[in-house]
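Survey of secondary and tertiary structure
Here are the chains, one letter per residue:
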Amino acid sequence: MARALAVMAVLSLVAGVVGVLVNLRGLEFISDGLTHAVFPGIAVGFVWGGQQGLFAGAMIAALVAAVTLTLIARSSVPTDAGIAVVFTAMFSVGVIVVTREADYAGQLEQLLFGRLLTVGPAEVVQTIVICGVALLVVLVTLKEQVFRAFDHTGFTAAGYRPLLLDLLLNSAIALVVVAASSAVGNLLVLAVLIVPGAVARLLTSRLWLLFPLAALFSGVAAWLGLALGYAASVDFGVDLPSGATVVLVLVAGHAVVLLARLAVDRVRGRTAR
């Protein structure tokens, strides 16, 4: 539980910051593509090197996917179609690689849905290092990233290089995907990356508040999800997967905040009349 909480605390901080930029730039679909495109690297690394090879394989696939999807987004090819083709193809390759193993069902389940409560000390260190690199990339370019999000034309006219900045942001997203995959699984990592930023946008319109709110919401949801999973398993004998429980708490929190925001907006609308 302590290691799981440490991993989720680090992921919450980094995914909250990166997720706000994803939300501001409207890159949710590209993030989804990166999540699926990283899977073959995770699968190859896991099959050939076990748990020790997982991060190495995922890292290579993540950087290749980040470059590929960035170039597709800037090409004349329809972006959504290009991303869909890439991530479905790469995800299929990952499934094929895993099914070559005798115990592929158990391995596939672990890669897709994570194993949050069995992360080892080495994985905690790897997660911290990878998240630290992703956070550093974002913080160094934060001013430019925000400028790019709000005024693409002005950003280009000011002499900045959109391609380089897009590559850096997509690489940071890919690193978060790599760091989170072994904990919450490849299929659930998108919620950790996307939901906190979306919640922050619902709570405030002040730019400087978005990042701490997203990280705080993600951290509280991670702690609550782990606590609920522990209580259900130990006190009531209900086996709840920790990673999926954390994601469910994230989504439930988003639903509550969304309903509250809609109610507040309705009251303000009536008052204005």
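Calculation criteria
- Residues numbered from 1 in each chain as written.
- Predicted model: local features only at pLDDT ≥ 70, side-chain atom pairs only at ≥ 80, totals over all residues.
- Heavy atoms only, no water.
- UniProt positions renumbered as here; feature names shortened; annotations may be inferred.
- Helix = DSSP H or I, 4+ residues; strand = E, 2+ residues; numbered from the N terminus.
- Contact = heavy atoms within 4.5 Å.
- Patch = residues over 30% accessible without salt bridge, like charges linked within 9 Å, V, L, I, M, F, W, Y side chains within 5 Å.
- Areas by Shrake-Rupley, 256 points an atom, 1.4 Å probe, with all protein chains shown as cover.
- Salt bridge = Lys/Arg side-chain N within 4 Å of Asp/Glu carboxyl O.
- Buried < 20%, exposed > 50% of the residue type's maximum accessible area, 1.4 Å probe, protein only.
- pLDDT = per-residue confidence, 0-100.
- Expected span 1.5 Å × (residues − 1).
- Bend = angle between axes of the 7 residues up to and from the residue.
- Phe/Tyr/Trp six-rings, centres within 6.5 Å; stacked < 30°, edge-to-face > 60°.
- Core = buried A, V, L, I, M, F, W, Y, C linked by side-chain atoms within 4.5 Å.

The name an unreviewed UniProt entry assigns to the protein is Metal ABC transporter permease, from the organism Cryobacterium tagatosivorans. Annotation of the protein in UniProt includes, under Sequence similarities (unreviewed entry), the sentence "Belongs to the ABC-3 integral membrane protein family."

Some points on the overall build of the protein
The number of helices and strands found in the protein is eleven helices and zero strands. Taking the intrachain contacts of the protein between residues at least 6 apart in sequence as the baseline, contacts between residues at least 24 apart amount to 77%.

Overview of a nonpolar patch on the surface
Taken together, the side chains of M1, L117, Y230 and V234 define a hydrophobic patch exposed on the protein surface, amounting to about 390 Å² of accessible area. With respect to the helices and strands, the residue L117 is situated in the loop between α4 (104–113) and α5 (121–140). For L117, a relative accessible area of 46% gives the class partly exposed.

Remarks on the environment of V138
Mapping V138 onto the fold places it in helix α5. Measuring from C-alpha to C-alpha, the distance between V138 and L168 comes to 7.8 Å, with 30 residues separating the pair along the chain.

Concerning the confidence of the model for the protein
Looking at the protein as a whole, the pLDDT averages 82, with 88% of positions reaching at least 70. No element of the protein has a lower mean pLDDT than α4, which averages 62, and none a higher one than helix α10 (residues 207–235), which averages 90.

A few points about helix α9 (residues 189–203)
Every α-helical turn comprises 3.6 residues, leaving residues that sit three or four positions apart pointing alike. Relative to the 21 Å expected for 15 residues at 1.5 Å per residue, α9 spans 22 Å between its end C-alpha atoms, a close match to the ideal helical length. The sharpest bend along α9 reaches about 25° and sits at V195, with the proline P196 one to four residues further on. Extensive coverage of α9 is indicated by the burial of twelve of its 15 residues. Residues of α9 that are buried include every one of V189, A191, V192, L193, I194, V195, P196, G197, A198, V199, A200 and L202, and no others.

Some remarks on the packing of aromatic side chains
Enumeration according to the criterion identifies three aromatic pairs in this entry. Between F147 and Y160, the ring centres sit 5.9 Å apart and the planes meet at 85°, which makes this aromatic pair edge-to-face. Of the two residues, F147 sits in helix α6 (residues 142–150) while Y160 sits in the loop between α7 (152–157) and α8 (162–184), which places them 13 residues apart along the sequence. Owing to a relative accessible area of 28%, F147 belongs among the partly exposed residues under this scheme. Put simply, the rings of F147, F155 and Y160 pair up and form one aromatic cluster.

Thoughts on the pattern of salt bridges
Summed over all chains, the structure comprises three salt bridges. Where R148 meets D166, a salt bridge forms, and the shortest distance between an N and an O atom there is 2.9 Å. Of this pair, R148 sits in helix α6 while D166 sits in helix α8, and the two are 18 residues apart along the sequence. R148 gets classed as buried once you look at its relative accessible area, which sits at 11%. The partner of D265 in a salt bridge is R261, with the nearest N and O atoms 3.2 Å apart. Here D265 and its partner R261 are both found in helix α11 (residues 242–272), four residues apart, which amounts to about one turn of the helix. Judged by relative accessible area, R261 falls into the partly exposed class, the value being 31%.

Things to note about the nonpolar core
Side chains of a nonpolar character, in soluble globular proteins, are inclined to be buried together. Residues M8, L11, V18, L34 and V184 are the most contacted members of the largest nonpolar core, which totals 70 residues. Of all the secondary structure elements, the ones that give two or more residues to this core are α1 (2–25), α2 (28–73), α3 (79–99), α5, α8, α9, α10 and α11.

Concerning the side chain of N170
Positionally, N170 belongs in helix α8. Setting aside residues no more than four positions away along its own chain, N170 makes contact with L27, I30, L34, A66 and T70.

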